[in-house]
Amino acid sequence: MIKSTKHKDEPAAVYEVPLKSKLEKPNLDGDRLNLFLLIILYTIQGFPVGVSTALPLILQSKKMVTYEDQAAFSMALWPYSIKLLWAPIIDALYINSIGRRKSWLLPLQLLLGVALFYMSINMDNWLPETGRPNLIMIVRMIFVINFLSATQDIAVDGWSLTVLKKKNVGYASVCPSIGVPIGMFSGSVCFTLLVSEEFSVKHLGTIPGAGGIMTMKSFFTIWAIIILVVTVFIGLFKNEKHKLEDGHKKISVFQNYKLLWEILKLPRVRVLTIALLTIKIGFTATETVTNLKLIDAGIPKDDIMMITSVMYVMKFVFPIFVCKYVTSSTPMSYHLKMTPIRLICGIVFSVLVYYTPSLIFKDGHVSIPLYYYLLLGLATLVNEMLSLFLMLTLLAFFCKISDPRFGGTYMTLYNTFYFLGWLIPNTFVLKMIDILTFRKCTNNDENICNTENLKNLCIVSGGTCGIYVDGYYVSVAICTAMGFIWYFTFRNILKNYQLVDLYHWMIHGKNLSSNEEVIEPCIMSPA
């Protein structure tokens, strides 16, 4: 129930879409298939994200790309952060005879399946065992499948609120928390290990030269078939209501964009936007580059992925232990308490990276002791769990300050700024590391090895281009300092925001009733 009183400075707004319903006890009878279908759709959404995180490690392990190349690759993830730009179009335009969500879901998933088939045919040529990869084509295709996946997410998020019975709509938030990690795990860990010859030889005892358990071609082909089969099933056997959700009015694309503008005009939302666009800057260097630096230091990418697989298991269990903090009335207070600890842990992790070569090399060969894996696993676990805790408390804070009548729109807006606050520094830091890394030839101090010709000249003269200033550690120091500046700037502001009455986060219009009941839930996706 939302109650409000008149305020003199009440802002003008236009769209109220009350949702009236009687509270009923959830019961999944008749909805289990719908719930399973949503989990599958979110799994499909998570797969391109997983592939996008695996390919940078595979590229780095081949020693054929620079950090500037990695910065270019990171832009392939941008569709997830800017999907708000076309989300109102997806919500407002559709063919009623097909269905509001199926009108977009069917063609998007068909295109996604076709794109994966195209990748399966060409991936071996784009990413050969030897030689420089065709980074341009790889980035283009990853951008395309991420664009299709991000747009599919808009349709699935909307459908999740109506495909389930009204009394079961609360389960809509469970589906992405299960499906997306499964898709990401398949696209990252499974993809890397299944196509890796090193993993097969070392852990499965296969013959060198036989390749991995499967090829990239077969892996992408299988996923393309799965997506197309699911799409055909939905098209033929899953009907969608040919009417709008109960209590909703159909509004135009222009009205959708105007609604977003009305939200952005709220003073506290504008301040929150600045905070969200800079919230991840303190962790960017350690989150983005650490695994790449470990590969440079000699840690096999397969070992990193095996540790990552353990992290996925922990991510499923961890929310159970922090539920009381996430669901508290002041989730942002816990977020802010953990932020300095997370920043300090990032420094500790970078120290481990610094000493990694001296710990794993013995007599000129890589020989990784068991205690190093324990140290790396512990450092990764602490960082991942802290990162997950910060994300969960932030999402809970988003739900707390969202106008329930437009909960999905508010959450999409907040999440867009949050992920932009990760992607923008992510791309920038990767470029910055290349700029701040200084090299010189071992037998000619005047050769700074900053061009391919100078590097070749150094090699021809019998030297090597050694690093004497590593941009990674400089970037970690800069990001950590900026993280503490962010913390002391926004700490009190965000603490106070979680105590502000919901009224001040809402859009108020002329026809707002004092006893409207609304049930639009927040969809808390981990993607």
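From a predicted model like this one, the values you see are computed outputs, not experimental measurements.

Asks: Talk me through helix α13 (residues 301-326); I want residue IDs and the actual numbers.
Replies: Along α13, the sharpest change in direction is near 45 degrees and occurs at I320. K301, D302, D303, I304, M305, I307, S309, M311, Y312, F318, V322 and V326 are the residues of α13 that are buried. Looking at the buried positions of α13, the neighbouring elements they touch are α1 (32-61), α7 (174-194), α8 (197-204), α12 (284-297), α14 (331-360) and α15 (370-400).

Asks: Tell me about the nonpolar core, residues and numbers included.
Replies: In terms of nonpolar packing, the biggest core is built from 88 residues, with L55, L116, M119, M123, I142, F191 and F220 touching the most fellow members. The leading source of residues in this core is α1, at 15 residues. Setting aside chain neighbours within four positions, we find F220 in contact with F47, V51, L116, M119, S120, M123 and F191. Counting residues in each nonpolar core, the second largest holds 40 residues, with L84, M385, F417 and F490 among its members.

Asks: If you had to explain the layout of surface pockets to someone new, which residues and values would you point to?
Replies: Taken as a whole, the second largest pocket holds about 1,000 Å³ of empty space. Looking at the second largest pocket, it is lined by 29 residues, and the ones nearest its centre are T66, D434, R439, C449 and K455. Sorting the residues of the lining of the second largest pocket by element identifies α2 (67-74), α12, α16 (407-436), β3 (438-441), α17 (452-460) and β4 (465-469) as the ones contributing at least two each. Looking at side-chain class alone, the lining of the second largest pocket contains 11 nonpolar, eight polar and 10 charged residues.

Asks: Quick one: what's the story with the packing of α1 against helix α6 (residues 135-160), residue by residue and with numbers?
Replies: Viewed as axis vectors pointing N to C, α1 and α6 meet at an angle of 155 degrees, and their least axial separation amounts to 10 Å. What the angle tells us is that α1 and α6 run roughly antiparallel. Note on packing geometry: the crossing formed by α1 with α6 is left-handed. Residue-level contacts link L37, L38, L41, Y42, I44, Q45, P48, V49, V51, S52, L55 and L59 of α1 to L135, I138, I142, I145, N146, S149, Q152, D153, V156, D157, W159 and S160 of α6. The residue inventory of the contact of α1 with α6, partitioned by class, reads 16 nonpolar, six polar and two charged.

Asks: Tell me about the side chain of Q152, residues and numbers included.
Replies: Note on placement: Q152 falls in helix α6. For Q152, the side chain forms a polar contact with the main-chain oxygen of L41, separated by 3.2 Å. Once residues lying within four places of it in the same chain are set aside, the contact partners of Q152 are L41, I44, Q45, L105, L108 and Q109.

Reading guide: rules and limits
- Residues numbered from 1 in each chain as written.
- Predicted model: local features only at pLDDT ≥ 70, side-chain atom pairs only at ≥ 80, totals over all residues.
- Heavy atoms only, no water.
- Bend = angle between axes of the 7 residues up to and from the residue.
- Helix = DSSP H or I, 4+ residues; strand = E, 2+ residues; numbered from the N terminus.
- Buried < 20%, exposed > 50% of the residue type's maximum accessible area, 1.4 Å probe, protein only.
- Contact = heavy atoms within 4.5 Å.
- Core = buried A, V, L, I, M, F, W, Y, C linked by side-chain atoms within 4.5 Å.
- 1 Å grid on protein atoms, 1.4 Å probe; cavity = no way out; pocket = protein on both sides within 12 Å on 5 of 7 lines; lining within 4 Å.
- Points joined across faces, edges and corners; volume = space filled by probe spheres on them.
- Nonpolar A, V, L, I, M, F, W, Y, C, P; charged D, E, K, R; others polar.
- Axes fitted to C-alpha atoms, helices over the stretch in contact; angles between N-to-C directions.
- Parallel < 35°, antiparallel > 145°, perpendicular 65-115°, else oblique.
- Left-handed = near helix turned anticlockwise from the far one by under 90°.
- Polar contact = N/O pair within 3.5 Å; in protein donor to acceptor, adjacent residues only side chain to side chain.

Keep in mind these numbers describe shape, not what the thing actually does.
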